[in-house]
Amino acid sequence: MTVHLEVADGVGTIRLDRPPMNALDIATQDRLRVLAEEAGRRDDIRAVVLWGGEKVFAAGADIKEMQAMDHAAMIVRAKALQDSFTAVAKIPKPVVAALTGYALGGGCELALCADFRIAAENAKLGQPEILLGLIPGAGGTQRLARLLGPSKAKDLIFTGRHVKADEALAIGLVDRVVPADEVRAQAHDWAARLASGPALALRAAKESVDAGLETDIETGLTVERNWFAGLFATEDREIGMRSFVEDGPGKAKFL
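Criteria and thresholds
Residues numbered from 1 in each chain as written. Predicted model: local features only at pLDDT ≥ 70, side-chain atom pairs only at ≥ 80, totals over all residues. Heavy atoms only, no water. Helix = DSSP H or I, 4+ residues; strand = E, 2+ residues; numbered from the N terminus. Rg over C-alpha atoms; globule rule 2.2 N^0.38 Å. Buried < 20%, exposed > 50% of the residue type's maximum accessible area, 1.4 Å probe, protein only. Contact = heavy atoms within 4.5 Å. Areas by Shrake-Rupley, 256 points an atom, 1.4 Å probe, with all protein chains shown as cover. Lys, Arg positive; Asp, Glu negative; His and termini not counted. Charge placed at Lys NZ, Arg CZ, Asp CG, Glu CD. 1 Å grid on protein atoms, 1.4 Å probe; cavity = no way out; pocket = protein on both sides within 12 Å on 5 of 7 lines; lining within 4 Å. Points joined across faces, edges and corners; volume = space filled by probe spheres on them. Nonpolar A, V, L, I, M, F, W, Y, C, P; charged D, E, K, R; others polar. Core = buried A, V, L, I, M, F, W, Y, C linked by side-chain atoms within 4.5 Å. Axes fitted to C-alpha atoms, helices over the stretch in contact; angles between N-to-C directions. Parallel < 35°, antiparallel > 145°, perpendicular 65-115°, else oblique. Left-handed = near helix turned anticlockwise from the far one by under 90°. Disulfide = S-S within 2.5 Å. Pairing = 2+ DSSP bridges. Polar contact = N/O pair within 3.5 Å; in protein donor to acceptor, adjacent residues only side chain to side chain. Arc of directions from axis to C-beta.

A. Broad picture of the overall build of the protein. In terms of regular secondary structure, the protein is built from eleven helices and nine strands. Over its C-alpha trace the protein gives a radius of gyration of 19 Å, about what one expects of a compact globule, namely 18 Å for 255 residues. Of all 255 residues assigned to the protein, the portion counted as buried reaches 43%. Counted over contacts in the protein with a minimum sequence separation of 6, partners at least 24 positions apart contribute 69%. On the protein, roughly 13100 Å² of surface is accessible, and the fraction owed to carbon and sulfur atoms is 57%. Each charge class in the protein was averaged separately, 31 positive and 36 negative side chains, and the resulting centres sit 1 Å apart.

Following this line, the structure appears as structure tokens:
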């Protein structure tokens with residue numbers, strides 16, 4: 001298998017494992033979707049790390065495989081490609097991408113599906129599809145513009161240029177830059193801290209933010225209101241409020 005799911009401390013690590021560059025061929029895309037859906041269902045997984053290994057996150061699609069596909073074949077495949085990445089974006093739990101080396105093309109698009117991105121100092125990100133006479137096809141034109149704004153997204157997509165970690169941090173493409181040998185540990189620590197939090201409230205927060213970005217503010221406020229009120233029926237809300245009253249803020253131990 002070219003993608004694995006490992007679980008420790010309530011954190012599920014989805015590990016890309018297709019040396020040497022973790023090229024995202026069809027089999028890897030399909031396996032990614034299966035494991036993302038599994039991570040979303042499993043009660044022993046409360047947060048997720050996306051990880052490609054010490055040397056590279058993912059250098060993009062398998063170009064040789066794509067070169068052999070004609071228009072008719074890609075019409076059939078394009079939706080499945082997007083569905084694989086959307087499955088990651090829709091994991092109803094906090095997701096952090098741990099980025100080392102190249103995160104280009106599909107690799108960058110996969111990182112965009114995470115809620116938080118921690119990059120190594122040696123990381124390089126970008127959407128170089130334009131250099132192949134293409135555009136991003138796994139969500140890059142949409143998620144990148146939503147994250148960075150249209151102007152910065154168009155700069156990266158139109159030019160196909162690579163962005164080093166320091167610039168990626170400056171424009172908001174990544175959220176933290178650390179030494180390469182610390183990336184996985186910091187990503188796991190971030191995920192493990194959230195894994196100890198209230199699972200339903202975290203799910204509600206993620207869905208409210210993500211849904212609100214896709215619609216008008218009134219609809220977004222309705223989503224927020226429904227989740228906010230609904231959480232009053234949960235044990236986590238009882239635990240959190242009781243702990244606050246009895247012990248002060250930030251000391252609750254959620255189930």
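B. Spatial organisation of the layout of surface pockets. As a volume, the largest pocket reaches approximately 1000 Å³. Around the largest pocket, the lining is made up of 35 residues, and of these Ala89, Cys113, Arg143, Asp210 and Glu214 lie nearest the centre. Among the secondary structure elements, those contributing two or more residues to the lining of the largest pocket are α3 (71–89), β6 (116–120), α5 (140–148) and α9 (199–213). Counting residues per element, the lining of the largest pocket draws most heavily on α9, which supplies nine residues. Per-class residue counts for the lining of the largest pocket are 17 nonpolar, seven polar and eleven charged. In this structure, the second largest pocket is lined by 32 residues; those nearest its centre are Ala61, Met66, Leu81, Glu129 and Leu134.

C. Main features of the nonpolar core. The biggest cluster of nonpolar side chains holds 44 residues, and the ones touching the most others in it are Leu50, Leu99, Leu125 and Leu173. Broken down by element, this core gets its largest block of residues, five residues, from α3.

D. Summary view of the packing of α5 against helix α6 (residues 150–159). Viewed as axis vectors pointing N to C, α5 and α6 meet at an angle of 135 degrees, and their least axial separation amounts to 7 Å. As far as their axial angle goes, α6 and α5 are oblique. In this structure, the crossing between α5 and α6 has a hand that is right-handed. Across the interface between the two elements, Gly140, Thr141, Leu144, Ala145 and Leu148 of α5 pack against Pro150, Lys152, Ala153, Leu156 and Ile157 of α6.

E. Seen up close, the state of the cysteines. Evaluated as defined, the whole model comprises zero disulfides. Cysteine Cys108 is unpaired, with the sulfur of Cys113 as its nearest cysteine sulfur at 10 Å. Residue Cys108 is classed as buried on the basis of its relative accessible area, which comes to 2%.

F. Quick look at the sheet that holds strand β5 (residues 102–104). Spatial strand order, β5-β7-β8: three strands in an open sheet with mixed pairing. Where the open sheet ends on each side, the last strands, each with one partner, are β5 and β8 (163–164). Inspection of the sheet shows β5 paired to strand β7 (residues 124–126) by three bridges, in the parallel sense. Among the inter-strand pairings, Ala103 is bridged to a residue of β7, identified as Leu125.

G. Here's a closer look at the environment of Arg143. Position of Arg143 relative to the elements: it lies in helix α5. On a C-alpha basis, the gap between Arg143 and Gly52 in space is 20 Å, while along the polypeptide they are 91 residues apart. Residue contacts for Arg143: discarding those within four places in its chain leaves Phe85, Thr86, Ala89, Leu112, Cys113 and Ala138. There is a polar contact of 3.3 Å between the side chain of Arg143 and the side chain of Thr86.

H. Representation of α6 within the structure. When we look at burial in α6, the residues that qualify are Ala153, Leu156 and Ile157. Down the axis of α6, the buried set is contained in an arc of 95 degrees. They therefore lie on one face. The outward face of α6, more than 90 degrees from its buried face, is lined by the exposed residues Ser151 and Phe158. Looking at the buried residues of α6, the elements they touch are α5, β8 and α7 (165–171). Remark: Gly160 follows α6 within two positions and exhibits a positive phi of approximately 70 degrees.

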